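# Coordinates in review
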Amino acid sequence: MLFFWRGGPGARRLLLSLLLLTAWEAGSGQVRYSVPEEAKHGTFVGRIAQDLGLELEELVPRLFRVSSKDRGELLEVNLQNGILFVNSRIDREKLCGRSLECSIHLEVIVERPLQVFHVEVEVKDINDNPPVFPESRKRIIIAETRPPETRFPLDGASDADIGVNSALTYRIYPNDYFALGPQNNREQTSSLTLVLRKSLDREEIQEHSLLLTANDGGKPQLTGTVQLLITILDANDNAPEFDQSIYKVRILENPFNGTIVIKLNATDPDDGINGDIIYSFRRPVSPAVLNAFIINPNSGEIRTKGKLDFEENKLYEISVEAIDKGNIPMAGHCTILVEVLDINDNAPEVTITSLSLPVREDAQVGTVIALISVSDRDSGANGQVTCSLTPHVPFKLVSTFKNYYSLVLDSALDRESVSGYTVVVTARDGGSPSLSATARVSVEVADVNDNAPAFAQPEYTVFVKENNQPGCHIFTVSARDADAQENALVSYSLVERRVGERALSSYVSVHAESGKVYALQPLDHEELELLQFQVSSHDAGVPPLGSNVTLQVFVLDENDNAPALLLPGAGGVDPAVSQLVSRSVGTGHVVAKVRAVDADSGYNAWLSYELEEAAGSARSPFRVGLYSGEISTTRALDEADAPRQCLLVLVKDHGEPALVSTATVLLSLVESGQAPKTSSRMSSGASGPDVALVDVNVYLIIAICAVSSLLVLTLLLYTALRCSAPPTQGVCGPGKPTLVCSSAVGSWSYSQQRQQRVCSGEGPPKADLMAFSPSLPPCPSSAERIGERETNSDLLKEPRQPNPDWRYSASLRAGMHSSVHLEEAGILRAGPGGPDQQWPTVSSATPEPEAGEVSPPVGAGVNSNSWTFKYGPGNPKQSGPEPKKQTQVSFLLRRKGEASQPCQ
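Residues numbered from 1 in each chain as written. Predicted model: local features only at pLDDT ≥ 70, side-chain atom pairs only at ≥ 80, totals over all residues. Heavy atoms only, no water.

## Details of the overall build of the protein
In terms of regular secondary structure, the protein is built from six helices and 56 strands. The buried share of the protein, reckoned over its 904 residues, is 37%. Here the protein has roughly 52,000 Å² of accessible surface; of this, 54% comes from carbon and sulfur atoms. (Helix = DSSP H or I, 4+ residues; strand = E, 2+ residues; numbered from the N terminus. Buried < 20%, exposed > 50% of the residue type's maximum accessible area, 1.4 Å probe, protein only. Areas by Shrake-Rupley, 256 points an atom, 1.4 Å probe, with all protein chains shown as cover.)

The structure is reproduced here in C-alpha cells:
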C-alpha cells in the first residue's frame, strides 16, 4: 500500500510529534491515583491490577510486587483482588513539606516476562495542621505617654498546610485601648500590627492581657492563639502624699538611743524611680530637733538621737517633706508633734548575802541556801518592789521581813540529772512602766554515791579462733558510772566458777582498771566450744556499788586435724585395704569404699577423695567418688589389666590450708568363678542391704532395656506395614499437604511445603513415614505458611559431634540432662527424579563422633517419646549405593491414651 503526502514542512513536523507522543505513552505504562493524607489503614486507592491490564490469577505466579523508594510501606497491594490500599499513616507535610505538589512514585514489577510499570499516587492536603504562633506568650512594653494610633509590629502565625488551608485571618478580643491593623496579605506574618486606640494611664491599668487568635481557611476551621501581655511604663505625673498632714506622738522620757518615734509612709502612685521617695527634715530645722531626733531618708523612720528629759523639754515640733526621684521632682509635706511623758526611771537594787554552797544532792527540803535583800530609791508605787525566781528550779523565795527574803530548797536534787543551777532573782517595782533588777546565784550540787556502774548491754558475744597465743587480748568490757570523782572510779574482776574440772581463772583473766579480758592458755574448739562467765564491776564510793555482765566466748574452729581413716577390721591403724575383684564386673561397679572422719567442723571437716595416678603407668580402670569414697570401675576389665592393682586414695578436707591423709587399696583381679561373694577385708564394712540394692539396680536396668527393645520392635513392625502399603501418588512424589500437630508430649508443627515421602537410594520407596521439622512454630495458618519457607532456613546451625550417652536406651535417657541443638540439614532422597529435601536434625553436643545416633526432638521435654534416628557414613550396619549420604527420619511416638491436638 502506498501513501502520498503533499503537505508542507510544518505538517511533517506535526505528524512526527504525534507519532513520538503516542510511542512514549504506550511504553511508559504510567497510572495516576490520588489519596487524601491521614487516610485510615485499608483505604481504597485504586484497582491497580485492572488499570495495568493484569489478570488477578497471574499476580502471584508472575511475582507481582510494588516498591517505593524512600517512602517505606505507605501503600500496599492485595494480591487476592489487585486493589491498592493505604497500609500506614501518610503525612503530606512530612513527605513534601509546603510543596504545592506531593506524590508517591511506585514501581510495579512483574516477571515472566519482566515488565515495569510506574504509578503516581498524588497525596492531597487536608486541613490537619492548626496555625502555630512562634510563642504562646508574648510580652510588649509601651510607655504611658505614647500617643494614640501608634503601631506595634507582631509576629504572625504559620500553618504547615497549603492553599486555602493555610490562609490565615487574625482577630483580637474587643479592647478599648488596642486593635489590629489592616491585613494586606494574609500569608505574610510581617504585616500584622497592633494599633493603640486611646491614651494609656499606668496608675489605672498597669498591664493589659489580650488574646490574639489566628484562623485558617480549611474546613473544619482550625485555630491558634497567643496571649499578649502589654506592660505600661510609668511617667512622673504624681507627687508623694502622706495619709495625714499632722501626726501626734507620745514618748516616755529617757528612751534608749535609737528608739523609733514614728515611721512615716508617703505614697506615690508612679512606678520605678518616679515612685521612689526620699524623706528629710524641712528647712530651717531647730537645733533641739537636730540634737534629739534623726530621720532615715529611705524608710521614713524617725528615731531618738540623744537623751529626752521631761524636765527639759515637754514637746517637739518636726516638719518633714517627701520628694520623689523623677526627672522633675515632686514633693509632699507633713508635721509631727512629739510629746514627752514622765516615767519611773530608777530601778531596784538586789543584794545577796550569807551563801551556803555547795549543796549535797541528798539535802533535805527546806534547807536555806542564801539570804537576799532588795531596795528602790523611788517612792510611792514606783518604790514598791516584788521579787521572783527563774521558773522550773528546785528553789523558792520565802519572805522573812520587809524587803528581806530567804532562798530555800523546794524539792529533791539529783546531781546526775543536773549538776548545777543558775538562779536568777528578779526585783520589780510598781511603776508604770515598772523597772526591774536581777541578781544571779550559782548553786553547785555535791555528788553522793547513789549510782552503780552500768554496762552498755547485759551480755556480750565474743568469737575467738582456737590455738590462740597464751595471754592474747580477746575482748574489753566497759562500765559507766553516772557519779563523779571517786564515786565513778570503776574496777573489774572475774566472778569465779569452775569450768569442768578446772577453775575459770585458769582460762581467762580481766584487767582491774582497763577491763581487758585475756585468754591465759590456747583454746581448743574440739575440747571447749563455748566458755561463758561473768565479769563484775565496782566503784570506789562508800559504800561501793557494783554490777555484773555475762560474756559468751565462742571458740572458732581451725583446720588443725587431718582426716582419720576408718578401716574395717584394722582398728584404724593399718592404712591398707585388700579386695578381690572379678574381671567380669561391668562399668560403674563399686569394688571398695574408703571411709574417713575429721575431728574439725564445718568446711574443715568436709572431706573429698581423690585417686592419685602412679607416674608412668597406664590409665587406671578405677575411679573414686569425690565425696562418697566409693571405688568403682570406669570400664570393663580385660586381660590387659594387671592382676594386682594398688590404688593410693588421697583424703582431703576443705580447710585453709587443706590437710591430707592417704589410704592404700589393694585390688586383686580374679576370674568370675574364683571371686568370693564377699571380700575378707571388706565383709565387715559391707552390709546386706547394699548388696541387695546392687541386685535391684541390675534387674531394673534389664527391665528398662527389655521395654525399650519391645518399643523399637513395635516401631519397626509399624514401619514395615506402612511401607508395604501401595503409594497413592507417584514414586517419591510429594504427598497430600497435611498440617500435622503434636500431642501434649512436645511442641511440634509441620507445613505443606515440608511434607515428603521418605525414600532411600534409586529404588522404590521403603517407607512413607511423615518427616517433619521440629523448629517450625505450632499449627501455622495458611497465611503464615508463606513466610515460613524463608525463615526456616535461618534456624539451621553448625553440626556438633554426638554424645556417647545417647548409646543408651531411650528409657534410660529419659532422666538425663543434655543440651540438644539444631544441626545442619540432612538430605532425604525423594526417589528417581524427585527433589532432594533438606531437614534440620538434632544431636547431642559431645566431642566424640559415633556411627549412628538417636536423639530427642528439639523443644521436647524429658518425658517426650519423639526421637530422631540417624545413620551416618560411619555406621557399619549401613549399606547402599550412596554411603556418603545420610538419611534421617523423625518419629513421633504417642503414649497409649494420648491424642493429637487438632489444628484450629
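## Considerations on the packing of aromatic side chains
All told, the structure shown has 10 aromatic pairs when counted by the stated rule. Taking 6.3 Å as the distance between ring centres and 45° as the angle between the ring planes, the aromatic pair formed by Phe401 and Tyr404 counts as tilted. When its relative accessible area of 60% is taken as the criterion, Phe401 is described as exposed. The structure contains a cluster of three or more aromatic residues connected by ring pairs, namely Tyr603, Trp606 and Tyr627. For the cation-ring pair, Lys198 lies above Tyr177, with the distance from its terminal atom to the ring centre recorded as 4.6 Å. It is Arg502 that lies over the ring of Tyr507; its NZ or CZ is 4.7 Å from the centre. (Phe/Tyr/Trp six-rings, centres within 6.5 Å; stacked < 30°, edge-to-face > 60°. Lys NZ or Arg CZ within 6 Å of the ring centre and 35° of its normal.)

## What to know about the side chain of Asn127
Among the secondary structure elements, Asn127 is positioned in the loop between strand E7 (115–124) and strand E8 (137–143). In terms of polar contacts, Asn127 uses its side chain to reach the side chain of Asp216, at 3.2 Å. At 2.8 Å, the side chain of Asn127 and the backbone oxygen of Pro220 are in polar contact. (Polar contact = N/O pair within 3.5 Å; in protein donor to acceptor, adjacent residues only side chain to side chain.)

## Comments concerning empty space enclosed by the protein
For the structure shown, the criterion picks out three cavities of 30 Å³ or more. Approximately 50 Å³ is the volume found for the largest cavity. What lines the largest cavity is simply Phe133, Pro134, Glu135, Lys138, Leu154, Asp155, Leu212, Val226 and Leu228. Broken down by class, the residue content of the lining of the largest cavity amounts to six nonpolar, no polar and three charged. (1 Å grid on protein atoms, 1.4 Å probe; cavity = no way out; pocket = protein on both sides within 12 Å on 5 of 7 lines; lining within 4 Å. Points joined across faces, edges and corners; volume = space filled by probe spheres on them. Nonpolar A, V, L, I, M, F, W, Y, C, P; charged D, E, K, R; others polar.)

## Things to note about the pairing of strand E30 (residues 420–429)
Two faces make up the sheet, and in a regular strand the side chains alternate between them. By the criterion of burial, E30 is predominantly enclosed, with seven of the 10 residues buried. Bridge analysis of strand E27 (residues 385–389) against E30 gives five bridges, and the strand direction is antiparallel. Bridge pairing in E30 places Ser388 opposite Thr426. As paired elements, E30 and strand E31 (residues 436–446) share nine bridges and run antiparallel to each other. Across the sheet, Tyr421 pairs through a bridge with Val443, a residue of E31. (Pairing = 2+ DSSP bridges.)

## Some points on the side chain of Thr335
Within the secondary structure, Thr335 is located in strand E23 (residues 331–341). Owing to a relative accessible area of 16%, Thr335 belongs among the buried residues under this scheme. Discounting chain neighbours no more than four positions away, the residues touching Thr335 are Ser245, Ile246, Tyr247, Glu317, Ile318 and Ser319. (Contact = heavy atoms within 4.5 Å.)

## Regarding the sheet that holds strand E51 (residues 660–670)
Sheet strands pair via backbone hydrogen bonds, and the direction of the pair is either parallel or antiparallel. With respect to topology, four strands assemble into an open sheet ordered E44-E51-E50-E47, the strand pairing being mixed. Two strands close off the open sheet at either side, each with one partner strand: strand E44 (576–582) and strand E47 (607–612). Sheet twist, expressed as the mean angle between neighbouring strand axes with direction ignored, is 30°. Summarising the sheet, E47 and strand E50 (residues 644–653) pair through six bridges and their orientation is antiparallel. The partner of Leu607 across the bridge, within E50, is Asp653. (Axes fitted to C-alpha atoms, helices over the stretch in contact; angles between N-to-C directions.)

## Here we look at a negative patch on the surface
A surface patch of negative charge is lined by Glu311, Glu312, Asp342 and Asp345. Checked against the element boundaries, Asp342 lands in the loop between E23 and strand E24 (349–353). What makes Asp342 partly exposed here is its relative accessible area of 47%. (Patch = residues over 30% accessible without salt bridge, like charges linked within 9 Å, V, L, I, M, F, W, Y side chains within 5 Å. Salt bridge = Lys/Arg side-chain N within 4 Å of Asp/Glu carboxyl O. Lys, Arg positive; Asp, Glu negative; His and termini not counted. Charge placed at Lys NZ, Arg CZ, Asp CG, Glu CD.)

## Observations regarding the nonpolar core
Grouped together as the largest cluster of nonpolar side chains are 27 residues, with contacts concentrated most on Ile48, Leu75, Leu84 and Val121. For this core, the elements supplying multiple residues, two or more each, are strand E1 (31–36), helix H2 (48–51), strand E4 (75–78), strand E5 (83–86), strand E6 (103–110) and E7. Once residues within four sequence positions are removed from consideration, Leu84 is found in contact with Tyr33, Thr43, Phe44, Val45, Gly46, Ile48, Leu75, Glu76, Val77, Leu106 and Val121. (Core = buried A, V, L, I, M, F, W, Y, C linked by side-chain atoms within 4.5 Å.)

## Here's the deal with the sheet that holds strand E40 (residues 516–519)
One open sheet accounts for three strands, arranged E34-E40-E39; its pairing is antiparallel. Each end of this open sheet is capped by a strand with a single partner; those strands are strand E34 (472–476) and strand E39 (508–510). On average, each strand axis in the sheet is tilted by 30° relative to the strand beside it, whichever way the strands run. With four bridges connecting them, E34 and E40 associate as antiparallel partners.

## Topic: the confidence of the model for the protein
Of all residues in the protein, 72% attain a pLDDT of 70 or more, and the chain-wide mean is 74. For the protein, per-element mean pLDDT is lowest for strand E52 (residues 820–828), which scores 33, and highest for E40, which scores 95. pLDDT under 50 marks residues 17–28. Its contacts with residues more than four places away, or in other chains, come to one contact. Taken together, the stretch residues 677–692 has pLDDT below 50 and engages in 19 contacts with residues farther than four places along the chain or on a different chain. (pLDDT = per-residue confidence, 0-100.)

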